[in-house]
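Given next are the chains, with one letter for each unit.
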Amino acid sequence: MAILNNTVVTVDAILTTKGRELLARNDGSFQITQFSLADDEVDYTLYNPNHPSGSTFYGEAIENMPVIQAFPNDTQIMRYKLITLPRGTARLPVISIGYNTITLKQGASLTITPQTLNYLGATSTFEANGYVATISDVRLISSFQGTGITTTAIGDQNLNTTTGAVLSKSVIGTSITLTATTVNTLYGSSLTTLSTTITVIGRDSGARITIPINIQKVSTT
Amino acid sequence: MSFSRYATDDSVISAETVVRGMWTGDTYTLSTFFTSSTYTEYYVDVYQGNPTTTTASVQFDIQYGHIAGSGSVPINPNVRGYSPSRVVYGQYRNLVYGTETTNFSFDGGVTTAQQIYVINISRERYKQSIQPGTLNLTLNSGSATNKIYLTDDSNTTSLTRFLGENRVFYIISGSNGNAYTSSAATTYYGIMLPDLGFIVLDASGSLTPYIQAASPATNSRQDNHLKLYTSISSGSNFQLQSQEVVSSRYFFTRIKNSEFNYTTNPSIIDDNGNLLFNTLINSPQTFITTVGMYNDNNDLLAVAKLSKPLTKDFTKEALIRIKLDY
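Bear in mind the structure is a predicted one, so any value in this text is a computation, not a measurement. (Residues numbered from 1 in each chain as written. Chains lettered and ligands numbered in written order. Predicted model: local features only at pLDDT ≥ 70, side-chain atom pairs only at ≥ 80, totals over all residues. Heavy atoms only, no water.)

### Observations concerning the environment of Asn298 of chain B
Working step 1: When you line up the elements, Asn298 of chain B lands in the loop between β18 (286-294) and β19 (300-312).
Working step 2: Between the alpha carbons of Asn298 of chain B and Phe3 of chain B there is a distance of 9.0 Å; along the sequence they are 295 residues apart. (Helix = DSSP H or I, 4+ residues; strand = E, 2+ residues; numbered from the N terminus.)

### Some points on empty space enclosed by the protein
Residues and elements named next belong to chain B.
Working step 1: The tally for this structure, following the rule as stated, stands at 1 cavity of 30 Å³ or more.
Working step 2: As a volume, the largest cavity reaches approximately 50 Å³.
Working step 3: Lining of the largest cavity is provided by Glu41, Tyr64, Gly71, Ser72, Ser85, Arg221, Gln222, Asp223, Asn224 and His225.
Working step 4: The residue inventory of the lining of the largest cavity, partitioned by class, reads 1 nonpolar, 6 polar and 3 charged. (1 Å grid on protein atoms, 1.4 Å probe; cavity = no way out; pocket = protein on both sides within 12 Å on 5 of 7 lines; lining within 4 Å. Points joined across faces, edges and corners; volume = space filled by probe spheres on them. Nonpolar A, V, L, I, M, F, W, Y, C, P; charged D, E, K, R; others polar.)

### Regarding the sheet that holds strand β6 (residues 109-112) of chain A
Residue and element names in this part refer to chain A.
Working step 1: Spatial ordering of the open sheet is given by β6-β12-β10, a layout of 3 strands whose pairing is antiparallel. In the strand order of this sheet, the two ends are held by β6 and β10 (141-147), each with one partner. Across this sheet, the average inter-strand angle for adjacent strands is 15°, counted without regard to direction.
Working step 2: Pairing geometry for β6 and strand β12 (residues 175-180), over 4 bridges, is antiparallel. Along β12, the bridge assignment pairs Thr111 with Thr177. (Pairing = 2+ DSSP bridges. Axes fitted to C-alpha atoms, helices over the stretch in contact; angles between N-to-C directions.)

### Focus: the nonpolar core
Working step 1: Counting residues in hydrophobic clusters, the biggest one holds 35 residues, and the most contacted among them are Phe60, Ile119, Ile121, Leu139, Leu201 and Phe238 of chain B.
Working step 2: In this structure, Phe238 of chain B is in contact with Trp23, Tyr28, Thr29, Leu30, Phe33, Phe60, Ile119, Ile121, Leu135, Asn136 and Leu137 of chain B, ignoring residues within four places of it in sequence.
Working step 3: One finds Ile95, Val138, Leu194 and Ile198 of chain A within the second-largest nonpolar core, a separate group that totals 25 residues. (Core = buried A, V, L, I, M, F, W, Y, C linked by side-chain atoms within 4.5 Å. Buried < 20%, exposed > 50% of the residue type's maximum accessible area, 1.4 Å probe, protein only. Contact = heavy atoms within 4.5 Å.)

### Overview of helix α3 (residues 225-235) of chain B
In an α-helix there are 3.6 residues to a turn, and that puts residues three or four apart on one side.
All names here are of chain B.
Working step 1: The complete set of buried residues in α3 reads His225, Lys227, Leu228, Tyr229, Ser231, Ile232 and Gly235.
Working step 2: Summarising the contacts, the buried residues of α3 are in contact with β4 (44-47), β5 (58-66), β6 (115-121), β8 (136-140) and β14 (198-202).
Working step 3: A positive phi of about 60° marks Ser236, the residue just after α3.

### Description of the interface of chain B and chain A
Working step 1: Taken residue by residue, the interface counts 67 residues in chain B and 73 residues in chain A.
Working step 2: Summing the contributions of chain B and of chain A, the shared interface buries around 6,500 Å²; its carbon and sulfur component is 58%.
Working step 3: Where chain B packs against chain A, one counts 1 salt bridge.
Working step 4: Among the ionic pairs, Lys305 of chain B bridges to Glu41 of chain A, the shortest N-O distance being 2.8 Å.
Working step 5: Linking chain B to chain A there are 38 residue pairs in polar contact (both at pLDDT 80 or more).
Working step 6: Of all the elements in the fold, those that place two or more residues in the side of chain B that touches chain A are β1 (4-5), β16 (241-255), β17 (262-263), α4 (279-282), β18, β19 and β20 (318-325) of chain B.
Working step 7: Among the elements that make up the side of chain B that touches chain A, the one with the highest residue count is β19 of chain B (11 residues).
Working step 8: Residues that form the side of chain B that touches chain A fall into these classes: 33 nonpolar, 25 polar and 9 charged.
Working step 9: Of the pairings in the sheet, the one linking strand β3 (residues 82-83) of chain A to β17 of chain B comprises 2 bridges and is antiparallel in character. (Buried area = accessible area lost by both parts, 1.4 Å probe. Salt bridge = Lys/Arg side-chain N within 4 Å of Asp/Glu carboxyl O. Polar contact = N/O pair within 3.5 Å; in protein donor to acceptor, adjacent residues only side chain to side chain.)

### Focus: the layout of surface pockets
Working step 1: Here the second largest pocket defines a volume of roughly 380 Å³.
Working step 2: Contributing to the lining of the second largest pocket are 24 residues, with Val94, Ile95, Arg208 and Ile209 of chain A together with Ile269 of chain B lying nearest its centre.
Working step 3: For the lining of the second largest pocket, the elements supplying multiple residues, two or more each, are β4 (94-96) and β14 (208-216) of chain A.
Working step 4: Considering only residue class, the lining of the second largest pocket consists of 13 nonpolar, 7 polar and 4 charged.

### Here's the deal with the side chain of Gln48 of chain B
Residues and elements named next belong to chain B.
Working step 1: The topology assignment puts Gln48 in the loop between β4 and β5.
Working step 2: Side-chain polar atoms of Gln48 contact the backbone oxygen of Thr55, separated by 2.9 Å.
Working step 3: Here the side chain of Gln48 touches Gln59 through a polar contact of 3.3 Å, side chain to side chain.
Working step 4: Other than its neighbours up to four places away in sequence, Gln48 contacts Thr24, Leu30, Thr32, Phe34, Thr55, Ala56, Ser57 and Gln59.

### Describing the sheet that holds strand β13 (residues 193-202) of chain A
Residues and elements named next belong to chain A.
Working step 1: One open sheet holds the 5 strands; their spatial order is β5-β14-β13-β9-β11, and the pairing between them is mixed. At either end of the open sheet lies a strand with only one pairing partner, and these are β5 (102-105) and β11 (169-173). Adjacent strand axes in the sheet meet at a mean angle of 25° when their direction is disregarded.
Working step 2: Across 5 bridges, the pairing between strand β9 (residues 131-135) and β11 is antiparallel.

### As for the packing of aromatic side chains
Here a ring pair, both rings aromatic, is described through the centre-centre distance and the interplanar angle of the planes.
Residues and elements named next belong to chain B.
Working step 1: Enumeration according to the criterion identifies 18 aromatic pairs over all chains in this entry.
Working step 2: Between Trp23 and Phe238, the ring centres sit 4.9 Å apart and the planes meet at 55°, which makes this aromatic pair tilted. Taken together, the residues span a long stretch of sequence, with Trp23 in the loop between β2 (11-21) and β3 (29-30) and Phe238 in strand β15 (residues 238-239) at a distance of 215 residues. This pair shows no difference in class: Trp23 is buried, exactly as Phe238 is. (Phe/Tyr/Trp six-rings, centres within 6.5 Å; stacked < 30°, edge-to-face > 60°.)

### Points about the environment of Thr29 of chain B
Residues and elements named next belong to chain B.
Working step 1: The residue Thr29 is located in strand β3 in this model.
Working step 2: It is 6.5 Å that separates the C-alpha atoms of Thr29 and Asn237, two residues lying 208 residues apart in sequence.
Working step 3: Not counting residues within four places of it along the chain, the set of residues in contact with Thr29 comprises Trp23, Asn237, Phe238 and Gln239.
Working step 4: Only 2.9 Å separates the side chain of Thr29 from the side chain of Gln239, close enough to count as a polar contact.

### Some points on unusual backbone geometry
Generally, phi is negative for residues other than glycine and the peptide bonds are trans, each holding for most cases.
Residues and elements named next belong to chain B.
Working step 1: Its identity as a non-glycine residue notwithstanding, Asn176 has a phi of 50°, on the positive side.
Working step 2: Within the secondary structure layout, Asn176 lies in the loop between β11 (166-175) and β12 (178-179).
Working step 3: One non-glycine residue, Ser236, adopts positive backbone phi at about 60°.
Working step 4: For Ser236, the position within the fold is in the loop between α3 and β15.

Written as structure tokens, this is what we have:
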């Protein structure tokens, strides 16, 4: 990763890890059909509506910032998507899953049902196309399933193919069920709690939330 | 809504020719040459820097070939004639002519060239082919009078010649694809096969004033390839360009005035989702830095970054051309 030279207009694209995988699969799944926009590195607190030169300069600090080069990890880029909402929107959609932190004992299960607040005029709503949930370290979860959305492609994504080699996994649904691992070896000799994160993104609104998950050890055998 | 679909006419595939300087760092001229102390009778690697340093890389190889295997030691002492120089000659004869019955000749088949030198450019350097008309090679056997400036004849001939399926240009005295004199245009010192990435020079005599004469002594190691290396090194000028065709797909990403004027960036809202600045309620602004390209399954296949944030609001539209190389 490096800083882009901002004297040159650069719009070369790179393939993501997922893109390379689908290209290698050669089954027609590498078909670019749609796009989305993001502003991951923009800090909007730099937006200055009190700029002495007027409204043209409110975004001056942001407009002149150097942009970081693209990186291929598809779970770490395009995090903050731009969205289309009616003009005059004062509150932006946010995801609520009812927890600030999830703590599970080994083997315990939990189902979360995300909601989107402030979306399309409703205080609270369930998005029609569901939610994408990504666990960043799938080794800590023995079962990770999304339910409530039925299409062939999404069904494939919801297949439980958890292996120790995979670091992250995404599922799609209106409800997400996860079961904490019962494997003790991950704790080593001294740990009593393992931590990871879950990220939930509204497939319609683009809103997202990331919260920590703690898995507490219950057995020493 | 955070996705917008590409229309069928929003993407186009284009093949473009990219020309670069041949040598490391895309430089056009190589004036200093290095070899390693370890080399074989088959070839010697030529570097642009001291091969003991990490920045040195092989630019090209030099080989010597003899039709009967002279000038090198037999691979098996009991089988005379089957030596590296014969292997090299046969190898390139097969690549150029595709038959063992046609030998190298640089005068239209009148005389068989019993000996050849080969300059084989590293594949990493020539990419897809050598750019005709860019060859400038100076050979010098030691004194100012024994110096020759070689080029290919791509600018002196009106017809592209082929040997089999390979394009071929003759090596003549001149520069930048042009002959030094009109008579020089028909005096050939070798051939260049741009699509195979190598140059074959006549080692049988015509270049003798400019290269120390190759020794065709039988069954003994003569390291004749080093004689061409010495001549190239003394000439201090090897200019060449590479050429490759890059297929690119362009996506024209059209962003309408009413779209993408809000963001899910958490730095723009408070804990309840309220915009931090009231001015953004009726005059929202976003700053595009990244374009993500997806399939129908919402898999992120490719990403493009703008060189600076692009301001977007209800009064602006944008068209971003994104290039994806294969």
